[in-house]
Amino acid sequence: MSKELYIYNSLSRNKDLFQPLNTPHVGLYVCGPTVYANVHLGNCRTFMFFDVVYRYLTHLGYKVRYVRNITDVGHITSTFDDGVDRIGQQARLEQLEPMEIVQKYTNYFHEMMRVFNNHSPSIEPTATGHMIEQIEMIKKILDQGFAYEVNGSIYFDVQAYRAKYPYGELSGRNVEELYENTRTLDGQDEKKFFADFALWKAASPEHIMRWPSPWGEGFPGWHLECSAMSTKYLGEQFDIHGGGMDLKFPHHESEIAQNTACCGKGPVKFWMHSNMLTVNGQKMSKSLGNSFLPHELFAGDHPLLEKGFGPQVVRFFMMQAHYRSTLDFSNEALSAAEKGYERMMAAYMAIDECKPATQSEADIDALEAKCYAAMGDDFNTPILIAELFEAVRLINGCKNGQQALTADQLVQLKRIMTHFLRDVMGLQTPESAGNVELPNIMMDAVFEVRKGLKEKKDYATADMLRDAFSSRNIVLKDTKEGGEWTYEKK
RNA sequence: GGUCCUGUGGCCGAGCGGCUAGGCAGAGCUCUGCAAAAGCUCGUACAGCGGUUCGAAUCCGCUCGGGACCUCCA
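Right, let's walk through the structure included here. (Residues numbered from 1 in each chain as written. Chains lettered and ligands numbered in written order. Predicted model: local features only at pLDDT ≥ 70, side-chain atom pairs only at ≥ 80, totals over all residues. Heavy atoms only, no water.)

Focus: the protein's contact with RNA strand B
Part 1: In the vicinity of RNA strand B there are 56 residues, among which Arg86, Gly244, Leu247, Lys283 and Gln402 approach most closely.
Part 2: Sugar and phosphate atoms represent 67% of those atoms of RNA strand B found within 4 Å of the protein.
Part 3: In the environment of RNA strand B, a phosphate oxygen lies 2.3 Å from a nitrogen or oxygen atom belonging to the side chain of Lys283.
Part 4: A distance of 3.3 Å separates a sugar or linking oxygen of RNA strand B from a polar atom in the backbone of Gln320.
Part 5: Taken together, the residues of the surface near RNA strand B sort by class into 18 nonpolar, 22 polar and 16 charged. (Near = heavy atom within 4 Å. Polar contact = N/O pair within 3.5 Å; in protein donor to acceptor, adjacent residues only side chain to side chain. Nonpolar A, V, L, I, M, F, W, Y, C, P; charged D, E, K, R; others polar.)

Examining the packing of helix α1 (residues 41-59) against helix α10 (residues 311-319)
Any two packed helices are characterised by how steeply their axes cross, that is the angle between the axes, and by the distance between the axes.
Part 1: It is the contact of α1 with α10, at a shortest axis distance of 10 Å, that shows an interaxial angle of 75°. Compared by their axis directions, α1 and α10 come out roughly perpendicular. Across from Leu41, Arg45, Met48, Asp51, Val52 and Arg55 in α1, the residues of α10 making contact are Val314, Arg315, Met318 and Met319.
Part 2: Considered class by class, the residues forming the contact of α1 with α10 number six nonpolar, no polar and four charged. (Axes fitted to C-alpha atoms, helices over the stretch in contact; angles between N-to-C directions. Helix = DSSP H or I, 4+ residues; strand = E, 2+ residues; numbered from the N terminus. Parallel < 35°, antiparallel > 145°, perpendicular 65-115°, else oblique. Contact = heavy atoms within 4.5 Å.)

Brief notes about the side chain of Glu255
Part 1: Relative to the assigned elements, Glu255 resides in helix α8 (residues 248-263).
Part 2: Buried within the structure, Glu255 lacks any salt-bridge partner; its nearest side chain of opposite charge belongs to Lys248, at an N-O separation of 14 Å.
Part 3: A distance of 3.5 Å separates the side chain of Glu255 from the side chain of His241, its partner in a polar contact.
Part 4: Excluding residues that lie within four positions of it along the chain, Glu255 makes contacts with Cys31, His223, Cys226, Ser227, His241 and Trp271. (Buried < 20%, exposed > 50% of the residue type's maximum accessible area, 1.4 Å probe, protein only. Lys, Arg positive; Asp, Glu negative; His and termini not counted. Salt bridge = Lys/Arg side-chain N within 4 Å of Asp/Glu carboxyl O.)

Written out as structure tokens, the structure is:
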């Protein structure tokens, strides 16, 4: 069975065959959040997708080192010229220390990552914890002649860089066109060239977050931390760098320039970019006021939400779209995903109840191959899910006695579902967390009584019993053997 | 203004030159005391107009619509 993996590389604009630089090791770096506010659902989509990348590579047998940073140094906002950064600004607003802000929103971020069932990265470095590495990197870039100092700030020299290396390859931008549309930003007058960007900024007196450096007190520039930390933990060149589409320019473009200026070569083999989550066709973002916080979605506590949806349903919903497409959020779409997710999971849990046949026409090997083919085609989770619904059909058919499956095939189906649903897509079964053993025993008694009533044709009492549970959001379903019960969502 | 992406049936979403995507919703049937679940069967598609081709949702051009980036952003 082919388990080749093709990945769409933003740099080559092609689906390229994935081969690690140093098999079986894979280096994966993903740009993490800036912790000055709660992560919203759009952010979560990106991290959930790269969690699947991490999981699938691991599933294929690679030894993956997954690095995802925490940006805990505020970037300068574009509207202010006074050296106020996002974290510092939020700290003033909430009357907290900057590091309290950082801790508060890091905690929320971690909590949400856990709730969505993302694996922790192998390393989660912070920008503030890597000041020395960042300063060292600036020194190297200066030594190579690709940066210059002005008033205690260091700028990247795009002109000098362009004389030797191409700039703008990733984002497809060319500097001449950029010039027409560049706004006047902080430090513009200090720069030699409009497209130069800061590696180090001298701190103004009121700036709170500051560190000593060879050029005076200041703080690192916008894009440096990722370059410094990816190099430290994954080496000068590594396999995959991921992030949201909106980071392509200028963030990732600058990273390439910094690393190349420093080490003479591009840092990353595969650049991957996940697309945005939209609401009514527009990018979900804080400034547009159309973003949900995960806990609001779970509780249904938001004007745009008709009801709440569990984290696993949300994850399933996200998996039903390809990561390079925008995904539009709506109550209807979430509800549809919820039904589908429940049907999928019900079938998964019903495999053990199937009675095996001695012979079967079904081709489970082909099904499994299709699942790998879907994932191998640039992590196509929507197709994977479509294939898994084929498995659902087989399982349900087998349960009804309409589909013959051998014992081996049932084992194989269970393995496929476990691998792809749980291990690769990171989906959990609905009630798996709680202990359902005791309720099950009690419900068996209920079904026994109901069976007796039905045999006596006392349907009125049988219905009364069912209604009594129904009013408590527990649905009874009759089967040949007795019955099944589920919690009903409101 | 520049660069790029996108427009699929009631909804969400794959596919991107010939082959059923899938889910949800809807219709019919089977099963069933009823119900639910499940299985089977079935509608309604590829924004519009041209072109290339034996053949186009899929390639090209134009028109119209939506979006992202160009400024911190997943």
